[in-house]
Amino acid sequence: MRVPFVDLKMQAKTLGDEYGAVLHGIVDRAAYTLGPEVAEFERAFAEFCNADHCIGVSSGTDALKLAYLAVGVGPGDEVIVPANTFIATAEAVSHIGAVPVFVDCLQDTANMDPAKIEAAITTRTRAIVPVHLYGQVAAMREILEVGQRHNVPVVEDACQAHGAEYNGRRAGSLGAVSAFSFYPGKNLGALGDGGAVVTHDPDIADRVRLLRNHGQSDKYTHAVVGYCDRLHNLQAAFLNCKLPLLDDWNESRRASAARYHDLLSGADGIRMITTAAGCLPVFHLFVVEIDDRDRVRDALSAAGIESGIHYPVPLHLTPAYNHRGYSAGDFPNAERLAGRILSLPMYPGMSDEQVEYVVQHLMAAVRG
């Protein structure tokens, strides 16, 4: 048996006719940028997130950049981000001349440790950015409390958490502003790059709308220096095809995750990422922690099972941030996880037989 890490072909088969229809409709109208498809998606995704505003943009990285700018981050400012995340969270800080300040993660959930934030705040801190890693919302109650005490806005990196919930509220509706990615492998993915900024704040929404389109308030009237960060009509149309199915797809992921949990519960040498109280994850990734990770991964590959590592190098140790002066040992939980985590196959429509096959070979490989 072969088990892919992600299976996008299944969605393509289900939605192929719809994709073709929207493609032909857009080509026939020759309407490619900031058209009705984008407006419809923005309305629908804001409603999905239980938020007031959604602004479609060109990628998740650009969504982060625009969200940071919209809350007032600028050159020389500091932004607190977790060490255990994809580089885009910090990269977008660097793109605007600000400085990422890393903090450690919790060992059990792998999300930002709220207890580590306060010590990282300085007079230059302009934002705190929890990442809802692997599809589970970070400890937002505690993080928001820290932000409120210091009058620092919280920007949600929700790029892996489309539809995840925290105490009944959806990711993207909790902080001052949030960023989503629609990279093809996400729970809601375009057929190329795409992203969105989501917020309740009309002033933040207006700022992002200006920034994404060359700072343009009216044609050839540029209120600010902006960017070319628009979501294209075609990608918005594909997302409109997919969004009505997202809740069902997330339920399918949760069913596969529950099967993984049932089969791996109590297994020697395998620790699963914990689901925190009050959280309803969407399992963008299903991550386990094991010894001798690379050998185990090779054994799975030999059995036809694809896997991933998210992420093998914590950001404070990645070469791009050597100049920040961090050292090994600064963030021990992130460093421990980086050497031991393994992401197992996870996507909507996985069969029980596939999950059981993965577990069988994982347990055999861990036993050696």
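The structure this text deals with has already been given above.
This text gives an overview of the structure that appears in the document. (Residues numbered from 1 in each chain as written. Predicted model: local features only at pLDDT ≥ 70, side-chain atom pairs only at ≥ 80, totals over all residues. Heavy atoms only, no water.)

Considerations on the pattern of salt bridges
What the rule picks out here adds up to 23 salt bridges. Measuring nitrogen to oxygen at the nearest pair gives 2.7 Å for the salt bridge that ties E356 to R259. In this pair, E356 sits in helix α11 (residues 352-367) while R259 sits in helix α8 (residues 246-264), placing the two residues 97 residues apart along the sequence. Judged by relative accessible area, E356 falls into the partly exposed class, the value being 30%. With relative accessibility at 26%, the residue R259 sits in the partly exposed group. One network of salt bridges, with partners in common, ties together R271, E289, D291, R336 and R340. (Salt bridge = Lys/Arg side-chain N within 4 Å of Asp/Glu carboxyl O. Helix = DSSP H or I, 4+ residues; strand = E, 2+ residues; numbered from the N terminus. Buried < 20%, exposed > 50% of the residue type's maximum accessible area, 1.4 Å probe, protein only.)

Brief notes about helix α1 (residues 9-29)
With 21 residues, α1 extends 28 Å from end C-alpha to end C-alpha; this agrees with the ideal 30 Å at 1.5 Å per step. Residue L15 marks the point of greatest curvature in α1, where the axis turns by about 65°. Where α1 is concerned, the buried positions are Q11, L15, Y19 and I26. Each element contacted by the buried residues of α1 is listed here: α2 (36-48), α7 (233-242) and α8. The first or second residue beyond α1 is A30, which carries a positive phi of 50°. (Expected span 1.5 Å × (residues − 1). Bend = angle between axes of the 7 residues up to and from the residue. Contact = heavy atoms within 4.5 Å.)

Re the packing of helix α3 (residues 60-70) against helix α4 (residues 88-95)
Relative orientation of the contacting elements α3 and α4 amounts to 50°, with a least axis distance of 9 Å. Accordingly, the angle class assigned to the pair α3 and α4 is oblique. Here α3 runs over α4; the crossing is right-handed. Along the contact surface, α3 presents T61, L64, K65 and Y68, while α4 presents A88, T89, E91, A92, V93 and H95. Tallied by class, residues from the contact of α3 with α4 come to five nonpolar, three polar and two charged. (Axes fitted to C-alpha atoms, helices over the stretch in contact; angles between N-to-C directions. Parallel < 35°, antiparallel > 145°, perpendicular 65-115°, else oblique. Left-handed = near helix turned anticlockwise from the far one by under 90°. Nonpolar A, V, L, I, M, F, W, Y, C, P; charged D, E, K, R; others polar.)

Thoughts on the sheet that holds strand β14 (residues 286-290)
Each strand in a sheet pairs with another by means of backbone hydrogen bonds, the pair being arranged parallel or else antiparallel. The strand order across the open sheet formed by three strands is β12-β14-β15, and the pairing between neighbours is antiparallel. Edge strands, defined here as strands with exactly one partner in the open sheet, are β12 (270-272) and β15 (341-344). Strand-to-strand twist of the sheet, defined as the mean angle between neighbouring strand axes without regard to direction, takes the value 35°. With four bridges joining them, β14 and β15 adopt antiparallel strand pairing. Counted as the bridge partner of F286 is L344 from β15. Strands in contact with α8 are β12, β14 and β15; relative to β14, the strand with the most contacts, it is inclined by about 25°. Packing of helix α9 (residues 293-302) onto the sheet brings it into contact with β14 and β15, and relative to β15 it is tilted by some 20°. (Pairing = 2+ DSSP bridges.)

Focus on the pairing of strand β8 (residues 177-181)
Regular strands place side chains that alternate from one sheet face to the opposite one. With five of its five residues buried, β8 lies for the most part within the structure. Here β8 shows two buried faces, one formed by V177, A179 and S181 and the other by S178 and F180. Bridge analysis of β8 against strand β9 (residues 195-199) gives four bridges, and the strand direction is antiparallel. Its bridge partner lying in β9, A179 is registered against V197.

A word on unusual backbone geometry
Here the amide bond leading from H310 into Y311 is cis, since omega sits at 20°, within 30 degrees of zero. By secondary structure assignment, the location of Y311 is in the loop between α9 and α10 (332-340). Positive phi values are uncommon outside glycine, yet A110 reaches one of about 70°. Overall, A110 belongs to the buried group, its relative accessible area being 1%. Here H214, not a glycine, exhibits a phi torsion of approximately 60°, which is positive.

Everything listed is a geometric property; what it means functionally is a separate question.
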